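Here's the letter readout for the chains.
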Amino acid sequence: MEHLDIPALQKLDAQHHLHPFNDNAALAKKGTRILTRGEGCYVWDAEGNQLLDAFAGLWCVNIGYGRRELGEAASKQMTQLAYYNSFFQCTTEPTIALAAKLAELAPGDINHSFFVNSGSEANDTILRLVRHFWAVQDQPRKNIFIGRHDGYHGTTMAGASLGGMKGMHKQGGLPIPDIHHIDPPFWFADGGDLSEDEYGLVAARRLEDKILELGPERVAAFIGEPIMGAIGVYIPPRTYWPEIERICRKYDVLLVADEVICGFGRTGEWFGSQYFGFQPDIMPVAKGITSGYIPRGAAMFNDRVANVLKAQGGELAHGATYSGHPVCAAVALENIRILQEEKIVERARTEIAPYLAQRWAELGEHRLVGQARIAGLVGALELVPDKRQRGFFPDRGSVGVMCRDFALKRGLILRATWDAMLLSPPLVITREQVDELFDKAWKALDDTAQALGR
Ligand SMILES: *Cc1c(COP(=O)(O)O)cnc(C)c1O
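These remarks concern the structure in this document. (Residues numbered from 1 in each chain as written. Predicted model: local features only at pLDDT ≥ 70, side-chain atom pairs only at ≥ 80, totals over all residues. Heavy atoms only, no water.)

Our next topic: the sheet that holds strand β2 (residues 42-45). With mixed pairing, the four strands of this open sheet are ordered in space as β1-β2-β3-β13. Since the sheet does not close on itself, it has two edges, and those belong to β1 (35-39) and β13 (412-413), each with one partner. When β2 meets strand β3 (residues 50-53), the two strands line up antiparallel, connected through three bridges. Looking across to β3, one finds that Tyr42 is bridged to Leu52. (Pairing = 2+ DSSP bridges. Helix = DSSP H or I, 4+ residues; strand = E, 2+ residues; numbered from the N terminus.)

This is the structure in structure tokens:
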């Protein structure tokens, strides 16, 4: 491989590149890690370190790195017709085919896609079009969205407002009006003496309380990630989503499942709603739709919403230059073809998920781990000061970072949110690679415990 002048590149990066979700001053001092290559579940950095990527980039590289077919699909489409828009009563063949393919895959009667470039934009689209949906039916006051504290729905004005991250709300004057939040379902910290199933109902009924407080005639939609990813992989009890669904139906509140992480096989089902057994009305998708090879998102709507938008919506005053980008659609189609033909989602569910769950539970026995939670191929290890209690370290966050850095030294990429170590490997991970993941994670936990003097 060509030799890179790492310090020179790091210097240029520090001078000219603002990094998202980073303290840029601190990062400039430390220097960024430069990644150069990927193959399957591994990536390599500029120093030549081989790293097992147990986070699939950023929850997205579902089919693994280095699949030439996706590059070839992009190349073919770029050569034939690099771009055309969907504005001027036009579209392109890959965009039509992708919309049809998504309708086939999506649960229930979610049959309609509005294409965008990211998960954040999908959520912006949903906020606007849902408010429009109610407004054209003479209910302009039914415009409130309810999300969850600590939820994550992206970083645009609407995305960050629908999300409930306090640190994000502090920057840029958020949340925008008419967005409310309820507490998230996090049994580990919040469940008290309740069983998980009892707690799931209690957590869901916070939605009913909030709807009644605001007035059902004011509440347009509820939005939630089937599994709350960014905050630390909060996997709700089995009772939670069916109860949320019941409440939404009762008050005619649209149910939005943010499938940006869960979609396209993360839980071993195609969509998170299928894993939990509920039927959303609307879902944003992104990330796994292209396995991260190219940007693409979609706001997907069921027949009821789409039919009103079509029949009564008039001109939809919304869209992006790249809404129907044919190259992104071609890559998404190729990614989905591979997921289907190689039965990657089924294999993840039947062969890998049970084995991963077993090894994850073994990691849960480590003295630093208070809870090992997992659903399909997404999980977390909650690091705690006292294994017998469901409590946090006083200096929350520092132990997670320590463990993450130890893992990296041992050639394993895990993400840390607070003191939870997050897992989301490519769906193509093998049993041998699960063993490698286990060994490296266990050693990183040992390193961390030792550094803490435990
Ligand atoms: C990543 C993410 C988003 C935002 O997607 P971007 O493509 O980063 O804009 C939205 N919702 C969830 C649940 C996500 O994890």
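With the rule as written, the count across this model stands at 16 aromatic pairs. Each ring, one from Tyr83 and one from Tyr322, has its centre 6.0 Å from the other, and the planes form 80°; the classification is edge-to-face. Within this pair, whereas Tyr83 is found in the loop between α4 (68-81) and α5 (93-105), its partner Tyr322 is found in the loop between α13 (303-312) and α14 (326-341), the two being separated by 239 residues in sequence. Take Tyr83: its relative accessible area is 29%, and that puts it in the partly exposed class. Note on Tyr322: relative accessible area 44%, which makes it partly exposed. Residue placement shows Arg37 over the ring face of Trp44; its charged tip is 4.0 Å from the ring centre. Its guanidinium or amino end placed over the ring of Tyr275, Arg238 lies 4.6 Å from that ring's centre, counting from NZ or CZ. (Phe/Tyr/Trp six-rings, centres within 6.5 Å; stacked < 30°, edge-to-face > 60°. Buried < 20%, exposed > 50% of the residue type's maximum accessible area, 1.4 Å probe, protein only. Lys NZ or Arg CZ within 6 Å of the ring centre and 35° of its normal.)

Judged by pairing direction, the sheet is antiparallel, and its four strands sit side by side in the order β11-β12-β15-β14 without closing on themselves. Only two strands of the sheet have a single neighbouring strand rather than two, namely β11 (369-375) and β14 (415-417). Recorded for the sheet is a direction-independent mean angle of 20° between the axes of neighbouring strands. Contacting β11, β12 (378-383) and β15 (420-423), helix α15 (residues 344-363) runs over the sheet at an angle of about 170° to β11. (Axes fitted to C-alpha atoms, helices over the stretch in contact; angles between N-to-C directions. Contact = heavy atoms within 4.5 Å.)

Residue placement: Asn335 occurs in helix α14. Among the polar contacts made by the side chain of Asn335, one reaches the main-chain carbonyl oxygen of Gly288 at a distance of 2.9 Å. Among residues more than four places away in sequence, those in contact with Asn335 are Ile63, Leu70, Gly288, Ile289, Thr290 and Ser291. (Polar contact = N/O pair within 3.5 Å; in protein donor to acceptor, adjacent residues only side chain to side chain.)

Right, let's talk about the state of the cysteines for a bit. A covalent bond between the sulfur atoms of two cysteines is what we call a disulfide. In this structure the tally under the stated criterion is zero disulfides. The cysteine Cys262 is free of any disulfide, with Cys60 supplying the nearest cysteine sulfur at 14 Å. No disulfide involves Cys328; its sulfur sits 14 Å from that of Cys60, the nearest cysteine. (Disulfide = S-S within 2.5 Å.)

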